Amino acid sequence: MDAGDLELFERSLRAATQRHRGAELDAALAELGWTELLAEEPPAAITTLFELQGAANTTSASLTRVLEESLGVGPVPVLWPALGSADPPGCLRDSSVVIHGLIAGAPDAGSYLVVINTGQGTSAVEVPAGALTARPVHGMDPWLGVVEITGRLNSGAASGSVPDDGGPVDWPAARALAQLALGHELVGASRQMLELARAHALERVQFDRPIASFQAVRHRLADTLVAVETASAALDAAWEDGSEVSAGMAKALAGRGARTAARHCQQVLAGIGFTTEHVLHRYVRRVLVLDQLFGSTRSLTRALGEELLRSGRLPPLLAL
Amino acid sequence: MDLDEFRTTLDAWLTDHEAELAPAPEAHDTLDAQMAQLSKVKRLAHDAGWMRWGWPERVGGLGGSALLRAYLGEALTVRDLVEPGIYSMTEVLAPTMIDYAQPELAAAMVPRLLQGEETWCQGFSEPGTGSNLAALSCRAVPSEHGWRVTGQKLWTSLAQYAQRCVLLTRTGTVESAHRGITALFVDMDSPGITVRPIQTMHGVEEFSEVFFDDVEVPLERMLGREGQGWSVAMDLLPYERSTALWHRAAYLHRRLQRLLDSAPAGALDPTVVAETTQLVYAFRARSRATQHRLARGETLGPETSIDKVLMASAEQAVFELVGDGLAVGVMTGDDLENRRWRSEALYARAATIYGGSAEIQRNVIARRLLDLGKDT
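Residues numbered from 1 in each chain as written. Chains lettered and ligands numbered in written order. Predicted model: local features only at pLDDT ≥ 70, side-chain atom pairs only at ≥ 80, totals over all residues. Heavy atoms only, no water.

**Student:** Before we move on, could you go through the overall build of chain B and cite the residues and values that matter?
**Tutor:** Along the backbone of chain B there are 14 helices and eight strands. Compactness check: chain B gives a C-alpha radius of gyration of 21 Å against a globular reference of 21 Å for 376 residues, within 12% of the reference. The C-alpha extent of chain B, read off along each of the three principal axes, is 70 × 50 × 40 Å. By the burial criterion, 58% of the 376 residues in chain B qualify as buried. For chain B, long-range pairs separated by at least 24 residues make up 72% of all intrachain contacts whose partners lie at least 6 apart in sequence. For chain B, the accessible surface area stands at approximately 14900 Å², while carbon and sulfur atoms represent 52% of it. Each charge class in chain B was averaged separately, 37 positive and 51 negative side chains, and the resulting centres sit 4 Å apart. (Helix = DSSP H or I, 4+ residues; strand = E, 2+ residues; numbered from the N terminus. Rg over C-alpha atoms; globule rule 2.2 N^0.38 Å. Buried < 20%, exposed > 50% of the residue type's maximum accessible area, 1.4 Å probe, protein only. Contact = heavy atoms within 4.5 Å. Areas by Shrake-Rupley, 256 points an atom, 1.4 Å probe, with all protein chains shown as cover. Lys, Arg positive; Asp, Glu negative; His and termini not counted. Charge placed at Lys NZ, Arg CZ, Asp CG, Glu CD.)

Structure, rendered in structure tokens:
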């Protein structure tokens, strides 16, 4: 896809994300050929859609599609890690496989693909939905539409079906792609919060002038833009260098940036931004939950720090 | 020459000439020694052609993308061959000369800067003019052969070493603000110039007060037209926040690695180490994108204020961590290595002050990038 095609495609995607959510958006994406683009050019597909999805505060099954594509397993929905965790949702314990994960956008799935940490590595098993407990999550962000999936299986099941080539599952690569996707969604949501706060600051008059003229307000919004651009640059660089460490750093920066954006924008929107009459709260809720998916800012940062102190080596210098 | 070829051949040359290029053990200890090392490295790199790549042929360059210059500075910095702050003055002042000096003047002067023969300084700030640059009052009046300058500059980095100065002067009324400013290229040995170095908190006479008493500057030394000085300054500032910052990011990466190598077990908090590493990575990612925009010929503008804010945050994070991880050395060590850590840790405190303070950068972001209108 050349630059012109991509621009056109992005315009269609934008309209779709603004108009639809959930299964309707999935159908629209399928019609637009997003799934094909995901197979052919993952960076273009992921960066464009997820920023728009974040900006529109909408939902789709696209994150699950990204995991399927990366693991080469579609069309079985791949279970996400449990909230707060970046580890596979399945774990071999004693003679059982303990499953604790999340899923979105697969209401009628007959089965799930569960990646399992076996202690020696990772494998994957297809588990019938009936063998698991599903709890639709209301929670902090009821509009996100995630379902919590739990269960415990006999360990014999863990040797079940593996992807096409029968090789071990590359969980770190799939996780890195999911982190980048979520990073872009966080950036999209952050940019939209900034736009909402900016518009309010220009309109809202106090002491006979728009509050946008007060330096305290301006600097909060400037700091928000810095935080958003910081995350955005790190995401672009992570695509460029392709390493899993960079993807984790970019996700952490996007999560931190989004929380900074939520804090400053909520403060600028003040009273109205604290009500459900303004849309800001939907974004605040969304970024708080997205930050917890596939590793939170805090857990990713902590894990990186421990690894840096263990190895004594910084990640390689990003090349010019 | 493309970037990959440049990278490979330059890296090989740096390895082959390691001994010749290497700094003396005490090369970081004084500014005199740093300047001598800088001049040596620039001369060797210029003679071998490296220093000429990425600059136009009309000023003695060999042409090619600006990315080549960015990589050269990075390569010299990661090998600890130059101090990036003083190295990057070239990246700030040479483009100004190329864009605004008369072609003969640029052709005569820029090569002297590239080959390490000369140091130039930037006479912008004044006692009454820090953040509010448009209020400057150092006056130039027409004289028989050009301009006669009277006034004072402050915070002029490296003035005591400099042979030339890119000087902003007031040629209109004070009320004319940014419209009445003219830029001049002044010989620092002109009669009437007095330089008084100032000792900084980090123990270096990095900048000076410079006094001008009826200093004659020939007409052909004007940069741009009369009254165009504000454009000269505004076009120069993004250079302070592009290639120079790319070099600074390489420097921060190297010092952070050195900190990991040196800190005693248990002295570093893993979360803070990782936050700092993420910030340095993001700063480098942002600066990389800016380098590529510059190389594509895009005009850099107020968006480079984000690069500057990020640089200051990253630098202060790195040296806050140094203060914790190497506390004993930084607070009480008096050997070469610890003197260097201490000096750098103190210098980092200036990162939110120089080159447009953190507050000014945020004002620029609010006004120019977020379009929030005038402030009160």
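**Student:** Describe the interface of chain B and chain A, listing the residues and the values that go with them.
**Tutor:** At the interface, 46 residues of chain B touch 44 residues of chain A. Interface area for chain B against chain A, summed over the two sides, is near 4000 Å², with a carbon-plus-sulfur share of 68%. Considering only the surface of chain B that becomes buried against chain A, Gln278, Tyr281 and Leu372 of chain B emerge as the three largest contributors, covering 20% of it. At the surface where chain B touches chain A, the tally comes to three salt bridges. For the salt bridge of Arg362 of chain B with Asp223 of chain A, the shortest nitrogen-to-oxygen distance reads 2.6 Å. Linking chain B to chain A there are 18 residue pairs in polar contact (both at pLDDT 80 or more). When residues of the side of chain B that touches chain A are traced back to their parent elements, those giving at least two are helix H1 (3-16), helix H4 (66-78), helix H9 (243-262), helix H10 (270-295), helix H11 (304-325) and helix H14 (358-369) of chain B. Of the residues that constitute the side of chain B that touches chain A, the class distribution is 23 nonpolar, 10 polar and 13 charged. (Buried area = accessible area lost by both parts, 1.4 Å probe. Salt bridge = Lys/Arg side-chain N within 4 Å of Asp/Glu carboxyl O. Polar contact = N/O pair within 3.5 Å; in protein donor to acceptor, adjacent residues only side chain to side chain. Nonpolar A, V, L, I, M, F, W, Y, C, P; charged D, E, K, R; others polar.)

**Student:** Summarise the confidence of the model for chain B; cite the residues concerned and give the values.
**Tutor:** Averaged over every residue, the pLDDT of chain B is 95; the share at 70 or more is 100%. Note on the complex model: pTM 0.95, ipTM 0.95. (pLDDT = per-residue confidence, 0-100.)

**Student:** An account of the nonpolar core is needed here, citing residue identities and associated values.
**Tutor:** Counting 134 residues, the largest nonpolar core has Trp34, Trp80, Met193, Leu221 and Phe294 of chain A together with Leu259 and Phe319 of chain B as the members making the most contacts within it. Ranked by residue count, the leading element in this core is helix H6 (residues 171-203) of chain A, at 16 residues. Among the nonpolar cores identified, the runner-up in size contains 61 residues, and Met35, Trp50, Ala70 and Ala94 of chain B belong to it. (Core = buried A, V, L, I, M, F, W, Y, C linked by side-chain atoms within 4.5 Å.)

**Student:** Describe helix H4 (residues 42-56) of chain A, naming the residues involved and giving the relevant values.
**Tutor:** Residue and element names in this part refer to chain A. Its 15 residues give H4 an end-to-end C-alpha distance of 21 Å, which sits within 8% of 21 Å, the value for a rise of 1.5 Å per residue. Listing the buried residues of H4 in full gives Ala44, Ala45, Ile46, Thr48, Leu49, Phe50, Leu52, Gln53 and Gly54. Where H4 terminates, the next one or two residues include Asn57, which has phi positive at roughly 55 degrees. (Expected span 1.5 Å × (residues − 1).)

**Student:** Can you lay out the side chain of Asp291 of chain A for me, pointing to particular residues and giving the numbers?
**Tutor:** Residues and elements named next belong to chain A. Along the chain, Asp291 falls in the loop between helix H9 (280-290) and helix H10 (297-311). Within the structure, the side chain of Asp291 is placed 2.6 Å from the side chain of Thr297, a separation counted as a polar contact. Filtering out sequence-adjacent residues up to four positions away, Asp291 remains in contact with Leu186, Lys251, Gly255, Arg259, Ser296 and Thr297.

**Student:** Report on the packing of aromatic side chains, specifying residues and quantitative values.
**Tutor:** Two descriptors summarise a pair of aromatic rings, namely the distance from one centre to the other and the angle between the planes of the rings. Evaluated as defined, the whole model comprises 10 aromatic pairs over all chains. Taking 6.5 Å as the distance between ring centres and 65 degrees as the angle between the ring planes, the aromatic pair formed by Trp34 of chain A and Phe50 of chain A counts as edge-to-face. Separated by 16 residues along the polypeptide, Trp34 of chain A in helix H3 (residues 34-40) and Phe50 of chain A in helix H4 bring together distant segments of the chain. Under the relative-accessibility criterion, Trp34 of chain A is labelled buried at 1%. Seen in terms of ring centroids, Trp13 of chain B and Trp50 of chain B are 6.0 Å apart; in terms of plane orientation they differ by 55 degrees. Their pairing is tilted. Of the two residues, Trp13 of chain B sits in helix H1 while Trp50 of chain B sits in the loop between helix H3 (31-47) and H4, which places them 37 residues apart along the sequence. By the burial criterion, Trp13 of chain B is buried, and Trp50 of chain B matches it. One aromatic cluster is present, formed by Trp80, Trp171 and Phe294 of chain A through successive ring pairs. Above the plane of the ring of Trp55 of chain B lies Arg69 of chain B, whose end atom (NZ or CZ) is 3.7 Å from the centre. In this structure, Arg284 of chain B is placed above the aromatic ring of Trp246 of chain B, and the distance from its NZ or CZ to the ring centre is 4.0 Å. (Phe/Tyr/Trp six-rings, centres within 6.5 Å; stacked < 30°, edge-to-face > 60°. Lys NZ or Arg CZ within 6 Å of the ring centre and 35° of its normal.)

**Student:** Quick one: what's the story with a negative patch on the surface, residue by residue and with numbers?
**Tutor:** Among the surface-exposed residues, Asp269, Glu275, Glu320 and Asp324 of chain B lie close enough to one another that they form a single negatively charged patch. The topology assignment puts Asp269 of chain B in the loop between H9 and H10. (Patch = residues over 30% accessible without salt bridge, like charges linked within 9 Å, V, L, I, M, F, W, Y side chains within 5 Å.)

**Student:** Tell me about unusual backbone geometry, residues and numbers included.
**Tutor:** Non-glycine residue Asn57 of chain A carries a positive phi angle of around 55 degrees. Mapped onto the fold, Asn57 of chain A is located in the loop between H4 and helix H5 (62-71). One non-glycine residue, Ala177 of chain B, lies in positive phi territory at about 45 degrees. If you trace the backbone, Ala177 of chain B turns up in the loop between strand S4 (164-170) and strand S5 (181-187). Taking relative accessible area as the criterion, Ala177 of chain B reaches 25% and is therefore assigned partly exposed.

**Student:** Go over the pairing of S4 of chain B, please, and point to the residues and values.
**Tutor:** All names here are of chain B. Among the seven residues in S4, seven count as buried, and that is most of the element. Both faces of S4 are covered, namely the face carrying Arg164, Val166, Leu168 and Arg170 and the face carrying Cys165, Leu167 and Thr169. For strand S1 (residues 120-123) and S4, the ladder comprises four bridges, and the chain directions are parallel. Following the sheet pairing, Gly123 is matched in S4 by Leu167. Relative to S5, S4 is paired through seven bridges, and the arrangement is antiparallel. Note that in S5 the partner of Arg164 across the bridge is Asp187. (Pairing = 2+ DSSP bridges.)

**Student:** Can you lay out helix H7 (residues 215-241) of chain A for me, pointing to particular residues and giving the numbers?
**Tutor:** In an α-helix, one full turn covers 3.6 residues, which means residues spaced three or four apart are oriented alike. Taking 1.5 Å as the rise per residue, H7 of chain A with 27 residues should run 39 Å; its terminal C-alpha atoms sit 38 Å apart, in good agreement. Backbone geometry just downstream of H7 of chain A places Gly242 of chain A in the positive-phi region, at approximately 65 degrees.

**Student:** Requested: an account of the packing of H7 of chain A against H14 of chain B, with residues and values cited.
**Tutor:** Contact pair H7 of chain A / H14 of chain B: the axes reach a minimum separation of 8 Å and the direction vectors enclose 85 degrees. One way to sum up the angle between H7 of chain A and H14 of chain B is to call them roughly perpendicular. Residues Gln215, Arg218, His219, Ala222, Asp223, Leu225 and Val226 of chain A of H7 of chain A pack against Glu359, Arg362, Asn363, Ile365, Ala366, Arg367 and Leu369 of chain B of H14 of chain B. (Axes fitted to C-alpha atoms, helices over the stretch in contact; angles between N-to-C directions. Parallel < 35°, antiparallel > 145°, perpendicular 65-115°, else oblique.)

**Student:** Could you give an account of the packing of helix H8 (residues 244-273) of chain A against H9 of chain A, naming the residues involved and the relevant values?
**Tutor:** Residue and element names in this part refer to chain A. Between H8 and H9, whose axes approach to 9 Å, the crossing angle comes to 155 degrees. Compared by their axis directions, H8 and H9 come out roughly antiparallel. Note on packing geometry: the crossing formed by H8 with H9 is left-handed. In contact with Lys251, Ala258, Ala262, Cys265, Gln266, Leu269 and Gly273 of H8, H9 contributes Leu280, His281, Val284, Val287 and Leu290. Its residues assigned to classes, the contact of H8 with H9 comprises eight nonpolar, three polar and one charged. (Left-handed = near helix turned anticlockwise from the far one by under 90°.)

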